[in-house]
Amino acid sequence: MLLNSKQVCEYTGGQFLARPIDPSALFTGISWDSRDIQPDWLYVALPGERADGHDFVVAALRKGARGALVTEAPDAACMTLARELGAAIIEVPNTAHALTDLARAWRSHLKCTVVGLTGSTGKTTTKNLLRDVLGARFSVVATRANQNNELGVPNTLLAADPSTEVVVVEMGMRGAGQIAELCAMVRPDVGVVTNVGESHIELLGSREAIARAKGELFEALPAGTGRAVVNAADPMSLTAAEGASLAARGVTTVLYDGSGQASADDAPVAAALGASEHVWAEDVRLDEEGRPSFTLCAVGFDEESNGRTAAQETLFDRIPERCPCTVGLQGLHNVANACAAASVARSLGMPLPQIAAALAEALPESGRQEVLRARNGATVVNDAYNANPDSMRASLATFCARQVRGARYAVLGDMGELGSYADACHRAVGAYAASCGLDWLVCVGELAALIAEGARQGGFPHDRILSAQTVADVLEILDARLEPDDAVLVKASHFMGLTRVVEGLVN
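The residue count restarts for each chain, going from 1 along the sequence in the order it is written. Residue-level local features of this predicted model are given only where pLDDT is at least 70; pairs of side-chain atoms are given and counted only at 80 or more, and the full residue set underlies all totals for whole chains, interfaces and linings. Computation of side-chain values covers all heavy atoms of the structure but excludes hydrogens and water.

**Side note on the overall build of the protein**
Part 1 of the reasoning: Across its full length, the protein holds 19 helices and 22 strands.
Part 2 of the reasoning: Here the globule rule is a power law, 2.2 Å times the number of residues to the power 0.38, and the radius of gyration is based on C-alpha atoms. Over its C-alpha trace the protein gives a radius of gyration of 25 Å, about what one expects of a compact globule, namely 23 Å for 507 residues.
Part 3 of the reasoning: With respect to the principal axes defined by its C-alpha atoms, the protein has extents near 70 × 70 × 40 Å.
Part 4 of the reasoning: The rule is simple: take the accessible area with a 1.4 Å probe, protein chains only, and divide by the maximum for that residue type; under 20% is buried, over 50% is exposed, in between is partly exposed. Looking at the 507 residues of the protein, the share that counts as buried comes to 55%.
Part 5 of the reasoning: Two residues form a contact once any of their heavy atoms are found within 4.5 Å. Once local pairs closer than 6 in sequence are excluded, the contacts in the protein between residues at least 24 apart make up 69%.
Part 6 of the reasoning: With an accessible surface of roughly 20,600 Å², the protein has 48% of that area assigned to carbon and sulfur atoms.
Part 7 of the reasoning: Once the 42 positive and 61 negative side-chain charges of the protein are each reduced to a mean point, those two points are 3 Å apart. Strands here mean DSSP runs of E at least two residues long; helices mean DSSP runs of H or I at least four residues long; both are numbered from the N terminus. Each accessible area value is a Shrake-Rupley result obtained with a 1.4 Å probe; residue values ignore everything except the protein chains displayed when judging cover. Positive residues here are Lys and Arg, negative ones are Asp and Glu, while His and the chain termini are left out of the count. Lys charges are placed at NZ, Arg charges at CZ, Asp charges at CG and Glu charges at CD.

Okay, here's the thing in structure tokens:
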């Protein structure tokens, strides 16, 4: 962000309580956390449940903030400090809304490509892959961590500057209309929906309703110039695309398929959506650590029609590009995430070998299939950042594909936001756990007891299913049993706090 205090006032409907010594001086960043403030940044005083940002205006000014947005006049000492430092104090009706207003206005200053990304699972991993792949060629700003809500999305836009070439914005969703609201601010040029699963089913009631809500991203793409990146292997993602009238609006559709089964079978889908570009994976295999290798294929990008007219030729008549590819992340599900990232990168002109080289360098984020070593030498797979039924199954499949000399333990906890579907979803995860080759199952929490029930019904040995209520219980169970050649997966929704199990095993 590069805006002066006069522009900030204009865009937010604010007024000066303390005028800056230099009204033309630019704010070069923004934060609502006074601990993160850098010199010349704008501090946003947000009210919170546990702390009020107005209590930290002085701290932000002392760290070098050029100004602060507030909803109430600071005390006399703060105002005196602001005047001594020549900093601006700007009063606005609502600081959270002001953050959105600034982002919306700053978006109009940006000339870069903006990629919007959402999905039930895989969106943060795909965002990270996009950041790393596109960063091999372009100047890229991407959502930090999982800041994908009403505060994080505007913060991502405001982190860009005029030299930024691509902004990747991850967008979370809690209900219908939220993606559309975020898109009104983000104005994406490219939209990616990773998949449509069962997360948020508590609020929306069905996967069809979730698909419509995710499809708001496709609907927001600009007619004639937008690009929709669609998961051809996920029927509900196709439903989301179909509802967006992409072909009728002149939006280019890019299909991707990470299933390893893509072929001309995707042709009817391509025809129905009017897709003109396609990325897919062939010959998918896993190494002993569960990292996938495959042949990355692409067709329809910057190609000649070989003398045939568009009416005579389909997407699948053309000769594809092919390139060997290895992804530095674990799990078959990351083939799809890699293909999604490759689709965007290829659309922006990156050659396939450069894309493949960047994918090979990808590393897992903390808490997402992060492989660590326990104190006694056992392998710990930390996937405790979050969970829903789809990501639970994917994580279990990845874990059980690893080569392990000893026993495989899965520590599984409650999944949230499932509403009336919670019981059935937890039992279904348990049934899947019974089928994938685990040796021990440790279930943590009230709902996870239904995972245990589903596993028993699925044939998992009763004496190898253990229940726990606290982190201390889990660590006691594992400390008594875990051997150096064993491996343990830790997976649950974030509110369960099972990262503390990982910390206890490792530290």
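**Considerations on the environment of Gly116**
Part 1 of the reasoning: Locating Gly116 in the fold gives a position in strand E8 (residues 113–118).
Part 2 of the reasoning: Overall, the relative accessible area of 0% leaves Gly116 in the buried class.
Part 3 of the reasoning: Along the sequence, Gly116 and Gly300 sit 184 residues apart, while their C-alpha atoms lie 22 Å from each other.
Part 4 of the reasoning: In contact with Gly116, other than residues within four places in its own chain, are Val169, Met171, Pro188, Val190, Gly191, Val192 and Leu217.

**Some remarks on the sheet that holds strand E5 (residues 42–44)**
Part 1 of the reasoning: The strand order across the open sheet built from five strands is E2-E7-E6-E5-E4, with neighbouring strands paired in mixed fashion. The open sheet is flanked by strand E2 (15–18) and strand E4 (30–31), the only strands paired with a single partner.
Part 2 of the reasoning: Packing against the sheet, helix H3 (residues 76–85) makes contact with E2 and strand E7 (88–91), and its axis sits at approximately 95 degrees to E2.
Part 3 of the reasoning: The sheet contacts of helix H4 (residues 95–109) involve E4, E5 and strand E6 (67–70), and relative to E6 the element is tilted by about 120 degrees. Criterion used throughout: strands pair if DSSP finds at least two bridges between them. Structural elements are reduced to axes, namely lines fitted to C-alpha atoms, with helices fitted over the stretch in contact, and the angle between N-to-C directions of any two is expressed from 0 to 180 degrees.

**A closer look at the nonpolar core**
Note on soluble globular proteins: their nonpolar side chains tend to be buried together.
Part 1 of the reasoning: Ranked by size, the top nonpolar core spans 60 residues in total, and within it Leu69, Met171 and Phe218 carry the most contacts.
Part 2 of the reasoning: Val115, Leu129, Phe294 and Ala341 belong to the second largest nonpolar core, which has 41 residues in total. What we call a nonpolar core is a set of buried Ala, Val, Leu, Ile, Met, Phe, Trp, Tyr and Cys residues that are connected through their side-chain atoms within 4.5 Å.

**Observations regarding the sheet that holds strand E18 (residues 379–383)**
Two orientations exist for strands paired in a sheet by backbone hydrogen bonds: parallel and antiparallel.
Part 1 of the reasoning: Strands sit in the order E17-E18-E22-E19-E20-E21 across an open sheet of six strands; the sheet is mixed. Only two strands of the sheet have a single neighbouring strand rather than two, namely strand E17 (370–373) and strand E21 (465–468). On average, each strand axis in the sheet is tilted by 20 degrees relative to the strand beside it, whichever way the strands run.
Part 2 of the reasoning: Bridge count between E17 and E18: four bridges; the pairing is antiparallel. Each bridged residue has a counterpart across the sheet, and for Leu372 the counterpart in E18 is Val380.

**Focus on unusual backbone geometry**
Part 1 of the reasoning: Even without glycine at this site, Ser245 takes up a positive phi of about 50 degrees.
Part 2 of the reasoning: Mapping Ser245 onto the fold places it in the loop between helix H11 (235–242) and strand E13 (252–257).
Part 3 of the reasoning: Positioned with a positive phi, Asp283 is a non-glycine residue whose angle comes to about 55 degrees.
Part 4 of the reasoning: Tracing the chain through its elements places Asp283 in strand E14 (residues 277–286).
Part 5 of the reasoning: On the basis of relative accessible area, Asp283 is assigned to the exposed category, the value being 52%.

**Details of helix H5 (residues 123–134)**
Part 1 of the reasoning: Helix length check: H5, at twelve residues, gives a terminal C-alpha distance of 16 Å against a target of 16 Å (1.5 Å per residue), a fit within 8%.
Part 2 of the reasoning: Within H5, ten of the twelve residues are buried, which leaves the element mostly enclosed by the surrounding structure.
Part 3 of the reasoning: What H5 keeps buried is the set Lys123, Thr124, Thr125, Thr126, Lys127, Asn128, Leu129, Leu130, Val133 and Leu134.
Part 4 of the reasoning: Looking at the buried side of H5, the elements it contacts are E8, strand E9 (140–142), strand E10 (166–170), helix H13 (333–347) and helix H14 (352–360). Every helix has an expected span of 1.5 Å times one less than the residues it contains.

**A look at the packing of H13 against H14**
Part 1 of the reasoning: Packing of H13 against H14 brings their axes to within 10 Å, and their N-to-C directions diverge by 140 degrees. Between H13 and H14, the interaxial angle falls into the category oblique. Considering the relative orientation of H13 and H14, their crossing is right-handed. In this structure, H13 uses Ala338, Ala342, Ala345 and Arg346 to contact H14, whose residues at the interface are Leu352, Ile355 and Leu359.
Part 2 of the reasoning: Of the residues belonging to the contact of H13 with H14, the class tally is six nonpolar, no polar and one charged. Note that the term roughly parallel is reserved for angles under 35 degrees, roughly antiparallel for angles over 145, roughly perpendicular for angles of 65 to 115, and oblique for everything else. Left-handed describes a crossing whose near helix is turned anticlockwise from the far helix through less than a right angle; right-handed describes the clockwise counterpart. Gly falls in the polar group here, along with every residue not listed as nonpolar (Ala, Val, Leu, Ile, Met, Phe, Trp, Tyr, Cys, Pro) or charged (Asp, Glu, Lys, Arg).

**A look at the pattern of salt bridges**
Any two side chains of opposite charge can pair, so long as their charged atoms come close to each other.
Part 1 of the reasoning: One side-chain nitrogen of Lys or Arg within 4 Å of one carboxyl oxygen of Asp or Glu is enough to make a salt bridge. Counted by the stated rule, this structure contains 15 salt bridges.
Part 2 of the reasoning: Of the charged contacts in the structure, one is a salt bridge between Glu277 and Arg227, with a shortest N-O distance of 2.6 Å. In this pair, Glu277 sits in strand E14 while Arg227 sits in strand E12 (residues 227–231), placing the two residues 50 residues apart along the sequence.
Part 3 of the reasoning: Relative accessible area serves as the criterion here: at 7%, Glu277 is assigned to the buried category.

**What about the confidence of the model for the protein?**
Part 1 of the reasoning: For every residue, the predictor reports its confidence as pLDDT, a number between 0 and 100. Residues with a pLDDT of 70 or more make up 95% of the protein, whose mean pLDDT is 92.
Part 2 of the reasoning: Here residues 304–312 is modelled with pLDDT under 50, and outside its nearest four sequence neighbours on either side it reaches four contacts, counting other chains as well.

**As for the packing of aromatic side chains**
Part 1 of the reasoning: Pairing of aromatic rings covers Phe, Tyr and Trp, the last through its six-membered ring, and needs centres within 6.5 Å; plane angles under 30 degrees mean stacked, over 60 mean edge-to-face, and all others mean tilted. Counted by the stated rule, this structure contains one aromatic pair.
Part 2 of the reasoning: Between Tyr409 and Trp440 the ring centres are 5.8 Å apart and the planes differ by 5 degrees, which places this aromatic pair in the stacked class. You can see Tyr409 sitting in strand E19 (residues 408–413) and its partner Trp440 sitting in strand E20 (residues 440–444), a full 31 residues away along the chain.
Part 3 of the reasoning: Classification of Trp440 as buried rests on a relative accessible area of 15%.

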